[in-house]
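Below, each chain spelled out in residue letters.
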Amino acid sequence: MKQNPPPPRLTLRGISKQYPGCLANDDIHLDIAPAEIHALLGENGAGKSTLMKVIYGLVKPDRGELLWDGLPIEVKDPAHARKMGIGMVFQHFSLFETLTVTENIALALGDDAGELEPLAEKIRTVSEKYGMAINPEREIHTLSVGERQRVEIVRCLVQNIKLLILDEPTSVLTPQEVDTLFVTLRQLAHEGCSILFISHKLNEVKALCHKATVLRSGRVSGECIPADEDTTSMAKLMVGDDTPVSTTYPKKLGNSPLLSVHDLNLNSPDPFGVQLKHINLTVNAGEIVGIAGVAGNGQEELLASLSGEQRCKDNKTITFADTPVGKLSPDKRREWGLAFVPEERLGRGAVPEMSLTENALLTGFLTGLVQNGMVAWKKAEAFADDIIAQYKVKTPSRQAQADSLSGGNLQKFIIGREIMQNPRILIAAHPTWGVDIGAATAIHKALINLRDQGAAILVVSEDIDELFLISDRIGAICDGALSPIKPTPESSIPELGRMMAGDFNPAREERVTP
Ligand SMILES: Nc1ncnc2c1ncn2[C@@H]1O[C@H](COP(=O)(O)OP(=O)(O)OP(=O)(O)O)[C@@H](O)[C@H]1O
């Protein structure tokens, strides 16, 4: 007798969620089978995060129902979701720096954690079984970003996991770490765990996922088998027929130096920060310099020194053209012509509770938005509207609060706000972080245009493909030291990978000795 197939692990029937001015999920139907790796694709603002939050009990849908192993269920909150066997790994980790791996996982598990010692043993066993070895006694601040992600995944695995949701998990990983993660995910799926994988990186979706569901404007717009598609056809499913095809940009060599850093040494005020060691760097007018690196190797400290959040002891350590600026405040540097896109979108790039107009004003005030000490609100509103229109920011209006935008849309707004001020120097961390494929191409073009108008652009990113695509010269930062910066055509991905691991300066130890 033929056996009936098992019911889907998770079924969504007619899920809808309305936010003020935005129908984020509109009658969504979706099945995820046991052992299936299912991709959720869609443009920025398509409704992916909202749907995940519905599944994880963080957001209540207005309509629709969820079936779990064939039975209707109401997920009350994340604790309930975890009890059911649903785990979620967010883009931003919520770990306590000064606690150990075990203590962090115990806190997350709450009453289910039990005694610390058996839990540590379980962490060790589970992490080794899934090829993501982690020492339970290590304090979080000693771990790399990739290792921190392991902690988050292991936190889900020590429970009886049946569905693992991952929100853009590879954006913080090196190519080698991505390979390791995929081995783990395949093993988990092989054992029957279902995986919901959200990503904008279509080549990864193709390599990993059995099925994909595409969302557009809150609705399911298509489904596909990623192995049968190529990245262009998947991109078309996401954004319609006019998908910009991937392109290359001519490399340029800039002329005169606009941004120069001379032997920058910095002790980070953060006890877990990285010490910058003898950084020398020049970015010329009319070129893009890319700096790669695994997060936590001094990028944050370098960016803080360049933006002015962290001042230098000597004014001449940093110069803009011939002007020493090392001791100048961020707004004085902006007056000179600097624009800056920080790593953190909410909190540094934008004030979460402020409207888009107010956020436009925060860095755009020097472009005539404040006159005689008064805010010229009409101009500020027009500037916000221009950014929204030119960068296709999906939002009901310029009055929307920054934290109501989807991650990718807020990123588009921040980068648009900076580029549209026509800076002489632009420093950008992760310019297309979380941004969909169409918008990423638009941002790359805008950066290239700015370069061609003579701006000096420094991009700090973990996305090596992006750095090779847009940078004219390229290098890496490791442990607070900077590699030689080479013309991009003379470098290669393996070489840059080695530089990211610090393999660029055998004399480094000698040089850092005072
Ligand atoms: N708390 C909120 N208040 C108002 N609108 C919201 C809220 N959360 C999300 N939205 C809106 O719902 C829509 C869907 O957002 P969601 O974050 O689900 O998109 P996404 O597909 O995950 O996008 P991204 O790829 O940029 O992360 C967006 O237009 C967003 O502005």
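Only a predicted model underlies this, so the values are computations on that prediction, with no experimental measurement involved.

Draft legend 1. Summary view of helix 9 (residues 299–307). Counting buried residues in helix 9 gives eight out of nine residues, a clear majority hidden from the surface. Buried within helix 9 we find Gln 299, Glu 301, Leu 302, Leu 303, Ala 304, Ser 305, Leu 306 and Ser 307. Note on helix 9: the residue one or two positions beyond its end, Gly 308, has a positive phi of about 105°.

Draft legend 2. Up close: the pairing of strand 9 (residues 211–216). Where strand 3 (residues 37–42) lies against strand 9, five bridges are found, and the strand directions are parallel. Of the residues in strand 9, the one forming a bridge with Ala 39 is Ala 212. Across five bridges, strand 9 lies against strand 10 (residues 219–224) in antiparallel orientation. If you follow Ala 212 over to strand 10, its bridge partner there is Cys 224. Connecting the antiparallel pair strand 9 and strand 10 is a turn made up of two residues, with Ser 217 showing a positive phi of about 50°.

Draft legend 3. Just the environment of Val 158, in detail. The topology assignment puts Val 158 in the loop between helix 5 (145–157) and strand 7 (163–167). Residue Val 158 is classed as buried on the basis of its relative accessible area, which comes to 7%. Each C-alpha atom, one on Val 158 and one on Asn 135, is 14 Å from the other, the two residues being 23 residues apart in sequence. Sequence-distant contacts of Val 158, that is, excluding residues within four places in its chain, are made with Ile 105, Leu 109, Lys 122, Ile 123 and Val 126.

Draft legend 4. Highlighting the domain arrangement of the chain. The assigned domain composition of the chain is domain 1 (10–239), domain 2 (244–337 + 424–514) and domain 3 (345–422). Counting from both sides, the interface comprises 20 residues of domain 1 and, opposite them, 13 residues of domain 2. Taking both partners together, domain 1 and domain 2 bury about 1300 Å²; carbon and sulfur atoms supply 66% of that area. Summed over the shared surface of domain 1 and domain 2, the result is zero salt bridges. Applying the counting criterion to the domain 1 and domain 2 interface returns three residue pairs in polar contact (both at pLDDT 80 or more). Partitioning the side of domain 1 that touches domain 2 into residue classes produces seven nonpolar, nine polar and four charged.

Draft legend 5. Structural view of the site of the ligand. Around the ligand sit 18 residues in total, of which Lys 48, Ser 49, Thr 50, Ser 404 and Ser 406 are the nearest. Between Gly 408 and the ligand, the recorded distance is 2.8 Å, taken from a backbone N or O atom to an oxygen atom. Protein contacts shield 85% of the accessible area of the ligand, which totals 640 Å² for the unbound molecule. Counted by class, the shell around the ligand contains five nonpolar, 11 polar and two charged residues. When residues of the shell around the ligand are assigned to domains, at least three map to each of domain 1 (10–239) and domain 3 (345–422).

Draft legend 6. Summary view of the packing of helix 13 (residues 407–419) against helix 14 (residues 437–452). For the pair helix 13 and helix 14, interaxial distance at closest approach is 11 Å and the crossing angle is 15°. The angle between helix 13 and helix 14 places the two elements in the roughly parallel class. Seen along the crossing, helix 13 lies across helix 14 with a hand that is left-handed. Contacts between helix 13 and helix 14 involve Lys 412, Ile 415 and Ile 419 on the former and, on the latter, Ala 439, Ile 443, Ala 446, Leu 447 and Leu 450. Here the contact of helix 13 with helix 14 is built from residues that sort into seven nonpolar, no polar and one charged.

Draft legend 7. Summary view of the packing of aromatic side chains. Here the structure, examined in full by the defined rule, presents three aromatic pairs. Consider the rings of Tyr 56 and Phe 90, whose centres lie 6.1 Å apart with planes at 70°: the pair is edge-to-face. You can see Tyr 56 sitting in the loop between helix 1 (48–55) and strand 4 (63–68) and its partner Phe 90 sitting in the loop between strand 6 (86–89) and helix 3 (101–109), a full 34 residues away along the chain. Arranged with centres 6.0 Å apart and planes meeting at 75°, the rings of Phe 182 and Phe 197 form a pair that is edge-to-face. With a gap of 15 residues between them, Phe 182 in helix 6 (residues 175–190) and Phe 197 in strand 8 (residues 194–198) connect regions that are remote in the sequence. Among the residues examined, Phe 182 registers a relative accessible area of 6% and is labelled buried. The exposure class assigned to Phe 197 is buried, which follows from its relative accessible area of 0%. One cation-aromatic arrangement involves Arg 345 over Trp 433; the distance from NZ or CZ to the ring centre is 4.5 Å. Over the ring of Trp 336 we find Arg 424; its NZ or CZ atom is 3.9 Å from the centre of that ring.

What counts, and at which threshold
Residues numbered from 1 in each chain as written. Predicted model: local features only at pLDDT ≥ 70, side-chain atom pairs only at ≥ 80, totals over all residues. Heavy atoms only, no water. Buried < 20%, exposed > 50% of the residue type's maximum accessible area, 1.4 Å probe, protein only. Helix = DSSP H or I, 4+ residues; strand = E, 2+ residues; numbered from the N terminus. Pairing = 2+ DSSP bridges. Contact = heavy atoms within 4.5 Å. Domains from an automatic or database assignment. Buried area = accessible area lost by both parts, 1.4 Å probe. Salt bridge = Lys/Arg side-chain N within 4 Å of Asp/Glu carboxyl O. Polar contact = N/O pair within 3.5 Å; in protein donor to acceptor, adjacent residues only side chain to side chain. Nonpolar A, V, L, I, M, F, W, Y, C, P; charged D, E, K, R; others polar. Near = heavy atom within 4 Å. Areas by Shrake-Rupley, 256 points an atom, 1.4 Å probe, with all protein chains shown as cover. Axes fitted to C-alpha atoms, helices over the stretch in contact; angles between N-to-C directions. Parallel < 35°, antiparallel > 145°, perpendicular 65-115°, else oblique. Left-handed = near helix turned anticlockwise from the far one by under 90°. Phe/Tyr/Trp six-rings, centres within 6.5 Å; stacked < 30°, edge-to-face > 60°. Lys NZ or Arg CZ within 6 Å of the ring centre and 35° of its normal.

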